[in-house]
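# Working through the structure, step by step
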Amino acid sequence: MTILVAYVDRPEGKAALDKGIEIATRRNEALVVVNAGPGGRDTHDGVVDGYEGERVASRLAALPVPAEFKHFVRGRSTVEEIEELVDTLPASLVVIGLRRRSPVGKLLMGSTAQEILLGVNCPVLAVKAD
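The following paragraphs examine the structure supplied in this document. (Residues numbered from 1 in each chain as written. Predicted model: local features only at pLDDT ≥ 70, side-chain atom pairs only at ≥ 80, totals over all residues. Heavy atoms only, no water.)

## A word on the pattern of salt bridges
- A complete count under the given rule lists ten salt bridges for this structure.
- Note that Arg-27 and Glu-29 form a salt bridge whose closest N and O atoms lie 3.5 Å from each other.
- You can call Arg-27 partly exposed: its relative accessible area is 42%.
- Between Glu-84 and Arg-76 there is a salt bridge, and its shortest N-O distance comes to 2.8 Å.
- A relative accessible area of 25% places Arg-76 in the partly exposed class.
- What emerges from the salt-bridge pattern is a single network uniting Lys-19, Glu-22 and Arg-26. (Salt bridge = Lys/Arg side-chain N within 4 Å of Asp/Glu carboxyl O. Buried < 20%, exposed > 50% of the residue type's maximum accessible area, 1.4 Å probe, protein only.)

Structure below.
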């Protein structure tokens, strides 16, 4: 089985990565860290730059379990990429990070985390940044 971490270069993404590493190591399961987004001109879509991707990949290479970093920028949403990976990997758990949002913010804007929580076919662990 595989632990899947949805990663963005923000405190909530780093918290999800830390928790995913902890769980995968404890369970002796493979770890896949994915960063995905549609790409394009929007710089706030959560897609990491090359340096950050290399930093995460280096961290994963030092783990005692099989681990890899997947980076997708191919016009599909983050949720679509996560759902496909959950279905193609034998994923036992998805770990996502949550950020604080006001009740009005939750109402007015769609939430990637909420879509993942409701859409994937395996357990989801949501963690908050410190």
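The rest of the description comes next.
## Considering the side chain of Asn-35
- With respect to the helices and strands, Asn-35 occurs in strand E2 (residues 30-37).
- With relative accessibility at 0%, the residue Asn-35 sits in the buried group.
- Within the structure, Asn-35 has its side chain in polar contact with the backbone nitrogen of Val-48 (distance 3.0 Å).
- Setting aside residues no more than four positions away along its own chain, Asn-35 makes contact with Tyr-7, Val-8, Gly-46, Val-47, Val-48, Phe-69, Lys-70, His-71 and Phe-72. (Helix = DSSP H or I, 4+ residues; strand = E, 2+ residues; numbered from the N terminus. Polar contact = N/O pair within 3.5 Å; in protein donor to acceptor, adjacent residues only side chain to side chain. Contact = heavy atoms within 4.5 Å.)

## Section: the pairing of E2
- Where burial is concerned, most of E2 is hidden: seven out of the eight residues are buried.
- Pairing between strand E1 (residues 2-6) and E2: five bridges, direction parallel. Its bridge partner being in E2, Val-5 is matched across the sheet by Val-33.
- In terms of handedness, the path from E1 via helix H1 (residues 11-27) over to E2 forms a crossover that is right-handed.
- Here E2 runs beside strand E3 (residues 67-73); their pairing, made up of seven bridges, is parallel. Residue Leu-31 lies in a different strand from E3, and its bridge partner there is Ala-67. (Pairing = 2+ DSSP bridges. Right-handed = clockwise from strand over helix to strand, strands pointing away.)

## Structural notes on helix H2 (residues 50-61)
- Between its terminal C-alpha atoms H2 stretches 16 Å, which fits the 16 Å expected from twelve residues at 1.5 Å a residue.
- Within H2, burial applies to Glu-52, Gly-53, Val-56 and Leu-60. Seen from one end, H2 has its buried residues packed into an arc of 100°, which puts them on one side. Looking at H2, the residues exposed on the side facing more than 90 degrees away from the buried face are Tyr-51, Glu-54, Ser-58 and Ala-61. (Expected span 1.5 Å × (residues − 1). Arc of directions from axis to C-beta.)

## With respect to the nonpolar core
- If you look at the biggest cluster of nonpolar residues, it comprises 20 residues, and the most contacted ones within it are Leu-31, Val-33 and Leu-60.
- Contributing elements (two or more residues each) for this core: E1, H1, E2, H2 and strand E4 (91-98).
- For this core, the element with the most residues is H1, which contributes six residues.
- If sequence neighbours within four positions are ignored, Leu-31 has contacts with Thr-2, Ile-3, Val-5, Gly-20, Ile-21, Ala-24, Leu-60, Leu-63, Pro-66, Ala-67 and Glu-68.
- Membership of the second largest hydrophobic core comes to 17 residues, among which are Ala-36, Val-86, Ala-91 and Ile-116. (Core = buried A, V, L, I, M, F, W, Y, C linked by side-chain atoms within 4.5 Å.)

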